[in-house]
Amino acid sequence: ERTGQHPLVIAGGHACYNPEPMADFIDAFVIGEGEEVFGDLVNAYQAWKRSGQARAELLVTLSGIPGVYVPALYRPHYQPEGTLERMECLHLSAPAKITKRMLAMLPPAPTRFLVPNIEVVHNRISVEIMRGCTRGCRFCHAGMITRPVRERSIEEIVDTLQTALDSTGFEEIALLSLSSSDYSHITDLVDAVTTRFAGRNLTISLPSLRIDSFSVDLMEKLKGSRQGGFTLAPEAATERMRNIINKPIPTQQLLDTARAIYSRGWLTLKLYFMIGHPDETLEDVQAIADLCKAVLAEGRKAIGGRAQLHAGVSTFVPKAHTPFQWVPADSTEQIEAKQALLRRELRGPNLKLNWSDPRDTMLEAYLSRGDRRLGAVILGAWQRGAKFDAWQDQVKHDAWQEAFAAAGLSPDFYVHRTRFVDEVFPWDHIDTAVKKTYLLEEYRNSQQGILRGDCRKQCYACGILPTFAGVRRLHQGDYWKCPEVTRRTAPALAD
Ligand code: SF4
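**Student:** Tell me about the domain arrangement of the protein chain, residues and numbers included.
**Tutor:** Looking at the assigned domains, one finds that the protein chain contains domain 1 (10-99) and domain 2 (104-225 + 432-465). Just the C-alpha atoms count here: the centres of domain 1 and domain 2 sit 30 Å apart. Opposite the four residues of domain 1 that make contact, domain 2 presents eight residues. In total, about 610 Å² of surface goes out of reach between domain 1 and domain 2, with carbon and sulfur atoms giving 55% of it. Looking at the side of domain 1 facing domain 2, the largest losses of area belong to His14, Tyr17 and Glu33, adding up to 72% of the total buried there. The tally of links from domain 1 across to domain 2 stands at three salt bridges. In this structure, Glu33 engages Arg131 in a salt bridge whose closest nitrogen and oxygen atoms are separated by 3.3 Å. Along the contact surface separating domain 1 from domain 2 lie three residue pairs in polar contact (both at pLDDT 80 or more). A class-by-class count of the residues in the side of domain 1 that touches domain 2 yields one nonpolar, one polar and two charged.

**Student:** Tell me about the packing of aromatic side chains, residues and numbers included.
**Tutor:** A full pass over the atoms with the stated rule returns 12 aromatic pairs. Between Tyr69 and Tyr74 the ring centres are 5.0 Å apart and the planes differ by 55°, which places this aromatic pair in the tilted class. For Tyr74, a relative accessible area of 3% translates into the label buried. Aromatic side chains Tyr366 and Phe404 sit 4.8 Å apart centroid to centroid with 75° between the ring planes, which places their arrangement in the edge-to-face category. Linking Tyr366 in helix H11 (residues 358-368) with Phe404 in helix H13 (residues 397-407), this pair joins segments that are 38 residues apart in sequence. Classification of Phe404 as buried rests on a relative accessible area of 2%. Feature note: the residues Trp326, Phe425, Trp427 and Tyr443 constitute an aromatic cluster, connected by ring pairs. Across the ring face of Phe413, the terminal group of Arg417 is positioned such that the distance to the ring centre comes to 4.2 Å.

**Student:** Residues and numbers for helix H8 (residues 251-263), please.
**Tutor:** Here H8 is 13 residues long and its end C-alpha atoms lie 18 Å apart, about the 18 Å a rise of 1.5 Å per residue gives. Within H8, burial applies to Leu254, Leu255, Thr257, Ala258, Ala260, Ile261 and Tyr262. Gly265 lies just past H8 and shows a positive phi near 110°.

Reading the values: rules and limits
- Per chain, the residues get numbers from 1 upward, laid out in the order the sequence is written.
- The predicted nature of this model means local features are confined to residues of pLDDT at least 70 and side-chain atom pairs, given and counted, to a pLDDT of 80 or more, with totals for whole chains, interfaces and linings taken over all residues.
- Side-chain measures here rest on the full set of heavy atoms in the structure, leaving out hydrogens and waters.
- Either an automatic procedure or a domain database provided the assignment from which the domain bounds are taken.
- Any two residues whose heavy atoms approach within 4.5 Å at even a single point are treated as in contact.
- A 1.4 Å probe defines the accessible area here, and the buried area is the portion of it lost by two parts on being joined, summed over both.
- By definition, a salt bridge exists where a carboxyl oxygen of Asp or Glu is found within 4 Å of a side-chain nitrogen of Lys or Arg.
- Residues adjacent in sequence count toward polar contacts only when both atoms are side-chain atoms; beyond that, a polar contact is any pair of N or O atoms within 3.5 Å, and within protein one must be able to donate a hydrogen and the other to accept it.
- Gly is put with the polar residues, along with every residue not named as nonpolar or charged; the nonpolar set is Ala, Val, Leu, Ile, Met, Phe, Trp, Tyr, Cys and Pro, and the charged set is Asp, Glu, Lys and Arg.
- Any Phe, Tyr or Trp ring, taking Trp's six-membered ring, that has another such ring centre within 6.5 Å forms a pair; planes under 30 degrees apart are called stacked, those over 60 apart edge-to-face, and the others tilted.
- Each residue gets one of three labels from its accessible area relative to the maximum for its type: buried under 20%, exposed over 50%, partly exposed in between, using a 1.4 Å probe on protein chains only.
- Strands here mean DSSP runs of E at least two residues long; helices mean DSSP runs of H or I at least four residues long; both are numbered from the N terminus.
- Whether a charge sits over a ring depends on NZ of Lys or CZ of Arg being within 6 Å of the ring centre and within 35 degrees of the ring normal.
- Expected span of a helix: the number of residues minus one, times 1.5 Å.

Listed below in structure tokens is the structure:
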């Protein structure tokens, strides 16, 4: 229905790694890191404007930019039982696979932000200290799609902060990454930041810390306010579950860390868990409640009745491009039973529990592994009034159910089905450079409870290096955390 007069619509970001549910509404998706491709898109658009060509010509040009996916140039074909049979390329210049954009070196971090004159959520300077994560948690979408790990130098980070502080006047900074304790020189970085900005009375936050006493030492060095509490994310409470998700943290280590946190002056500890991990039982959920109580007991031993515990329990939704892309999500009934157990168990003074609405979880689950046919569902839900579903008072769950029925599709097919190991997925033509065979291997490891460690210490050949061997060869050294590639080793890695 759209013509050349309508605006060009381009989307990007992590959710676009499965673009198909939104394919009907978006002209082009940027897959991967956006910093460089943005210029390519603007150049292509300006050249097209000058040429006076039809919109279709622009789309073909955009599809030739590495990392840009133009869905109009692809047609999905489905098997009789509803799974995808293949994705047909409709134009010779459209690549069969769209490999993500990945920057060899992180570009300079932004330093001149808009300074809002109202209170906003992230009211601070944020500097990304590294991109990517080597821990390999199997549920984690970000950990799989942002590989390889690349780190900024301490000098660059400190200089960036200096410029940003001077140009904005913010008094709060955040040193961001997926796993801050894994930044190679984190102690030196914290020392450098606290020394350079001593006397400026800054609040410095370091989110996403590992669960160990080293993290408590780091937070102590930052001497920040203890008002907001200390946050840790064990994600699961039993060893079996932690082995399945590949996030091994001994319970005793968590209890020791909690005691250290309370003893050093924090009154509130926030623990983040997920329910709905693959193969989870009610015993695993009960263990979350038991662990929270044990942690609070440590707090009471350390500081008495002032110790508080906040447990945030979200519900796992399997994501495309992760080892759990094959698994079914919990049903609403299963989620409600688990949440009821937690509500029953986790009540009492100084204990607070937060959880997510199972119907919101289902909405996320429909879209996260959907195919192009969901475009009709999204349009149908919108026509029935679903417009601001992220707002609790505006969410229209019935509209989504009616839209599924009107489109002749079953939500269960997308959400509660164990997918075939050899199934063609709607996102298979989107290439994160992490191989599907590696994800399958990791899925099988999860079923056997086999752990895989930090890939900085041992490379598991996930696929990043064969795809980006040339880039790595040109950027030797410690900046990347994957093994170096020389001319001699490249062919072997490419196997
Ligand atoms: S290539 Fe090796 S080191 Fe690099 S991200 Fe993959 S598994 Fe980790």
